[in-house]
Structure formats: C-alpha cells, structure tokens
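Residues per chain, in single letters:
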Amino acid sequence: MAITLTASFDTRREAEMTIERLVQEHGLERTDIFVAAEGDENTAGEEVAGSDTEAADPTPEHRDDAALHGRIQVSVDIDDSDKADIVRAAFAEFDAEAVSEG
C-alpha cells in the first residue's frame, strides 16, 4: 500500500540534506520526493543556512536577501513500511517538524 510522508523544515539546507540522504544512501527515487514552500510565497525557509549564506562566511550574523517566507515542505511517496521507517529517520535526523502520513 502506497503512503505519503510529509514534513516541514526551518531551512532549505535541512530539506536538501534530508533529500540527499534518502536518495544517495537509501536509494529512493528523486521522482518520489516533492519539495514546496509550505505557504503561498516562495521561500528559502525561516532561517538563513546552507546555500543562502555568503561563500566566504558560512554562518553570517545577518543577511537580508534570502526569501525567508516560511518553512520548506518535503513529501515522499513510498510503497513499503521499511522505507517509511527510513524516511521518518531521515526527517528526524534533520530536525523535521509536523511529520504526517497520508
């Protein structure tokens, strides 16, 4: 039976790291993973991180050009319970919130 697991992340980096973990280490297909802004506006998350930081300073004190308009939502379509456990673990590893199953 197919299910969809969904979670939201504070930063684009957390969402990207989750996706890469699922694809590279666990062999999930990218076509089964969906990423979107949680709200109506384009967003890089709620906090500056990863590629939204300046290259010379990976953790700047303040940067005001990233689109910080809400959380990043990641959904994964899976078809077995073992994969569901893997997805849940990856979500937890990268601080996902509002994890749901549908």
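Heads up: these notes are all about the structure in this document. (Residues numbered from 1 in each chain as written. Predicted model: local features only at pLDDT ≥ 70, side-chain atom pairs only at ≥ 80, totals over all residues. Heavy atoms only, no water.)

Here we look at the nonpolar core
Ranked by internal contacts, the top residues of the largest apolar core, which has 20 residues, are F9, V74, V76, I78, V87 and F91. Taken together, the elements giving at least two residues each to this core come down to β1 (3–9), α1 (12–25), β3 (72–78) and α2 (81–93). In contact with V74, not counting residues within four places along its chain, are L5, T6, A7, F9, A15, I19, I33, F34, V35 and F91. (Core = buried A, V, L, I, M, F, W, Y, C linked by side-chain atoms within 4.5 Å. Buried < 20%, exposed > 50% of the residue type's maximum accessible area, 1.4 Å probe, protein only. Helix = DSSP H or I, 4+ residues; strand = E, 2+ residues; numbered from the N terminus. Contact = heavy atoms within 4.5 Å.)

A closer look at the pattern of salt bridges
Going through the model one piece at a time under the given rule, you end up with 8 salt bridges. The partner of D85 in a salt bridge is R88, and the shortest N-O contact between them spans 3.3 Å. Here R88 and D85 lie together in helix α2, a separation of 3 residues that amounts to about one turn. One salt-bridge network, held together by shared partners, links D10, R71 and E97. (Salt bridge = Lys/Arg side-chain N within 4 Å of Asp/Glu carboxyl O.)

Digging into α1
Along its 14 residues, α1 runs 19 Å from first to last C-alpha, staying within 8% of the 20 Å computed at 1.5 Å per residue. Contacts from the buried residues of α1 go to β1, β2 (33–37), β3 and α2. Within two residues after α1, G27 carries a phi angle of roughly 75°, on the positive side. (Expected span 1.5 Å × (residues − 1).)

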